[in-house]
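Here's the letter readout for the chains.
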Amino acid sequence: MSALVRCRVGPLCAAARTVIPSVWRGKYFSSGNEPAENNTVTPMLRHLMYKIKSTGPITVAEYMKEVLTNPAKGYYVYRDMLGEKGDFITSPEISQIFGELLGIWFISEWMATGKSVAFQLVELGPGRGTLVGDILRVFSQLGSVLKNCDISIHLVEVSQKLSEIQALTLTEEKVPLERNAGSPVYMKGVTKSGIPISWYRGLQDVPKGYSFYLAHEFFDVLPVHKFQKTPQGWREVFIDVDPQVSDKLRFVLAPGATPAAAFIQHDETRDHVEVCPDAGIIIQELSQRIALTGGAALIADYGHDGTKTDTFRGFCGHKLHDVLIAPGTADLTADVDFSYLRRMAQGKVASLGPVKQHTFLKNMGIDVRLKVLLDKSDDPSMRQQLLHGYDMLMNPEKMGERFNFFALLPHQRLHGGKHQMNACQSKPSALPVAGFSELVWQ
Ligand code: SAH
């Protein structure tokens, strides 16, 4: 398992960048690092220049969507960008303990809500499948606890390349996969431990039913609209062709109001904001599902609680990358606004967090798990790797403070429901939610 520094959490903070208000065409809006290298005229750049020249400047959200998930040329569609040789590395790729503790979280929630006879584990944006693989290993190890529960795995993934890697990691393809590109379930199989697994392009295609949802570093890649406060009111940032330099894009401000401004809060005090309608739609769908059929959603990402401004940035080869240079060769991301996610739940479900990753993992018992693994291993390089992984995940200067955990749960989960009564109680009482409080096995 790789133990490299994850660079999508690079030390340079985008908030330090200057935002110069301007009118449509002609003035400059800066975001990202200094322009680069040779060979920046990518097929994606040509495609975007053609599009902009034909129909006019595009929003940052449209730019992100095209660059990341365009079915023909999108950054996520045909490459494996994770790991040492890729552009960034994530917690599950750094340490197995991360996924194991999340596996414990789902089991603890399943137990706290009455041990349903079946559940679906649904992951949004599963990367290389490492996280769900680690969770499934915990499910197998705790097979005696889960023995009468029917579990199925549902992965929401737009990347053809990554879905192939996930299938290889999780199924070994001992049982041949069923593929049907035209169907909402574009791939189906059975995991190494015999659990049914299916792939979808969107959450709306996943069957409804008692489910645990997981999204790790998924919301930060969803397209954001960017707005700048001006004396005339909020103006959206667009991307245009630079008339001064050939084959170059630049930021401009829209001359008038644009529809996505409806997502800005009336009492907003910042002078620059990013809004993510796609995140809102997904949170609404998750909330509706959880309110109707039970379960929970666990969302982990870097982000803020409605305080940051310009966080749109690119990562390539573990370095910050100018978001407008060589589009299609670098990851694009924006910090997740957890206050917005909470608002989008619209009171249909309860939310917990965000809490910092080091708090969440500590509450989940990371120290005990590390000790068990260290005691079991007499290979010095393995021990070194475990300690290094722990430091990466927990150190406040590294991922410990940058990443946050946030959960959506049915209201009755926090206020006590029919499953949460013991023989001595006349009224139900809510069991603490692990991670947000210390883990307690019932
Ligand atoms: N969760 C993984 C990977 C994070 S990278 C980890 O932590 O290691 C983002 C993931 O989201 C990738 O799997 C990418 O292909 C997927 N993705 C990006 N945009 C998506 C979209 N609109 N719908 C579904 N998956 C998407």
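Quick caveat: nothing in here was measured; it's all calculated off a predicted structure. (Residues numbered from 1 in each chain as written. Predicted model: local features only at pLDDT ≥ 70, side-chain atom pairs only at ≥ 80, totals over all residues. Heavy atoms only, no water.)

**Concerning the overall build of the protein**
Counted only if it meets this: In DSSP terms, a helix is any run of H or I states spanning at least four residues, a strand is any run of E spanning at least two, and both are numbered starting from the N terminus. Throughout, exposure labels follow a simple rule: accessible area from a 1.4 Å probe, protein chains only, divided by the maximum for the residue type, with under 20% read as buried, over 50% as exposed, and the rest as partly exposed. For the accessible areas, the method is Shrake-Rupley and the probe is 1.4 Å, while residue cover comes only from the protein chains on display.
When helices and strands are tallied, the protein shows 14 helices and 18 strands. Looking at the protein as a whole, 57% of its 442 residues are labelled buried. Looking at the protein as shown, the accessible area adds up to about 19100 Å², and 54% of this sits on carbon and sulfur atoms.

**Overview of the sheet that holds strand β13 (residues 313-316)**
Defined as follows: By this definition, two strands are paired if DSSP reports at least two bridges between them. Comment: axis = line fitted to C-alpha atoms, over the contacting stretch for helices; angle = value between 0 and 180 degrees taken between N-to-C directions.
Strand order in the open sheet formed by three strands is β14-β13-β15, with antiparallel pairing between adjacent strands. Every interior strand has two partners, whereas the edge strands, β14 (319-321) and β15 (331-333), have only one. The sheet shows a mean angle of 40 degrees between the axes of neighbouring strands, taken without regard to direction.

**Topic: the nonpolar core**
General note: in soluble globular proteins, nonpolar side chains tend to be found buried as a group. Worth spelling out the cut-off: To define a nonpolar core, start from buried Ala, Val, Leu, Ile, Met, Phe, Trp, Tyr and Cys residues and group those joined through side-chain atoms within 4.5 Å. By the convention used here, residues are in contact when the closest approach between their heavy atoms is within 4.5 Å.
By size, the foremost hydrophobic cluster in this structure holds 59 residues, and its most contacted members are Tyr63, Phe219, Ile239, Leu249, Ile283, Leu341 and Leu408. Beyond its immediate stretch of four places on either side in the chain, Leu249 contacts Leu45, Met49, Ile52, Tyr63, Ile239, Asp240, Val241, Asp242 and Leu324. Within the second largest apolar cluster, 56 residues are counted, among which are Phe106, Leu121, Leu131 and Ile366.

**With respect to the site of the ligand**
This is how the line gets drawn: Here, proximity means that at least one heavy atom of the residue falls within 4 Å of the molecule or strand. Pairs of N or O atoms within 3.5 Å make up the polar contacts considered here, provided that, within protein, one atom can donate a hydrogen while the other can accept it, and that residues adjacent in sequence are counted only when both atoms are side-chain atoms. Throughout, the protein atoms alone are placed on a 1 Å grid, and a set of points is a cavity if a 1.4 Å probe fits but cannot get out or a pocket if it is open with protein on both sides within 12 Å along at least five of seven lines; lining residues have an atom within 4 Å of a point. The way we define it, a molecule is inside a pocket or cavity when more than half of its atoms are within 2 Å of that pocket's grid points. Under the scheme applied here, ten amino acids are nonpolar (Ala, Val, Leu, Ile, Met, Phe, Trp, Tyr, Cys and Pro), four are charged (Asp, Glu, Lys and Arg), and all others, including Gly, are polar.
Within the structure, the ligand sits among 18 residues, and Thr90, Gly125, Gly127, Glu157 and His216 are positioned closest to it. Between the ligand and the protein, one listed contact pairs an oxygen atom with a backbone N or O atom of Gly127 at 3.0 Å. In the model, an oxygen atom of the ligand is placed 2.6 Å from a nitrogen or oxygen of the His216 side chain. Starting from 570 Å² of accessible surface for the ligand in isolation, the protein chains cover 93%. For the ligand, the cavity whose grid points lie within 2 Å of the majority of its atoms is the largest pocket. Split into classes, the residues belonging to the shell around the ligand amount to nine nonpolar, six polar and three charged.

**Points about the packing of aromatic side chains**
Put simply, the rule is: Aromatic rings from Phe, Tyr and Trp, taking only the six-membered ring of Trp, are treated as a pair when their centres fall within 6.5 Å; an angle between ring planes under 30 degrees marks them as stacked, one over 60 as edge-to-face, and anything in between as tilted.
Per the counting criterion, the structure on display carries 13 aromatic pairs. Between Trp105 and Phe106 the ring centres are 5.4 Å apart and the planes differ by 85 degrees, which places this aromatic pair in the edge-to-face class. Accessibility classification places Trp105 together with Phe106 in one group, the buried group. A centroid spacing of 5.8 Å and a plane angle of 50 degrees characterise the contact between Phe106 and Phe212, whose relative ring orientation is tilted.

**A short note on the pairing of strand β10 (residues 249-253)**
Taken across its five residues, β10 has five buried, putting it largely inside the fold. The alternating pattern of β10 places Leu249, Phe251 and Leu253 on one face and Arg250 and Val252 on the opposite face, and all of these are buried. The sheet contact formed by strand β9 (residues 233-241) and β10 spans five bridges and is antiparallel. Of the residues in β10, the one forming a bridge with Asp240 is Arg250.

**So, helix α4 (residues 96-112)**
How we decide: By definition here, a helix of n residues has an expected span of 1.5 Å times n minus one.
End to end, α4 covers 25 Å across 17 residues, agreeing with the expected 24 Å (1.5 Å per residue, within 8%). Counting buried positions over the 17 residues of α4 gives 16, a clear majority of the element. N-capping of α4 is provided by Ser95, with a side-chain oxygen placed 3.1 Å from the backbone N of Ile97.

**Digging into helix α12 (residues 380-394)**
Helix length check: α12 (15 residues) gives 21 Å between terminal C-alpha atoms against 21 Å at 1.5 Å per residue, within 8%. What α12 keeps buried is the set Leu386, Gly389, Tyr390, Met392, Leu393 and Met394. Packed against the buried residues of α12 are α3 (91-94), α4, α10 (357-363), α11 (366-376) and α13 (396-400). Backbone nitrogen of Ser381 and a side-chain oxygen of the N-cap are separated by 2.9 Å at the start of α12; the cap is Asp379.

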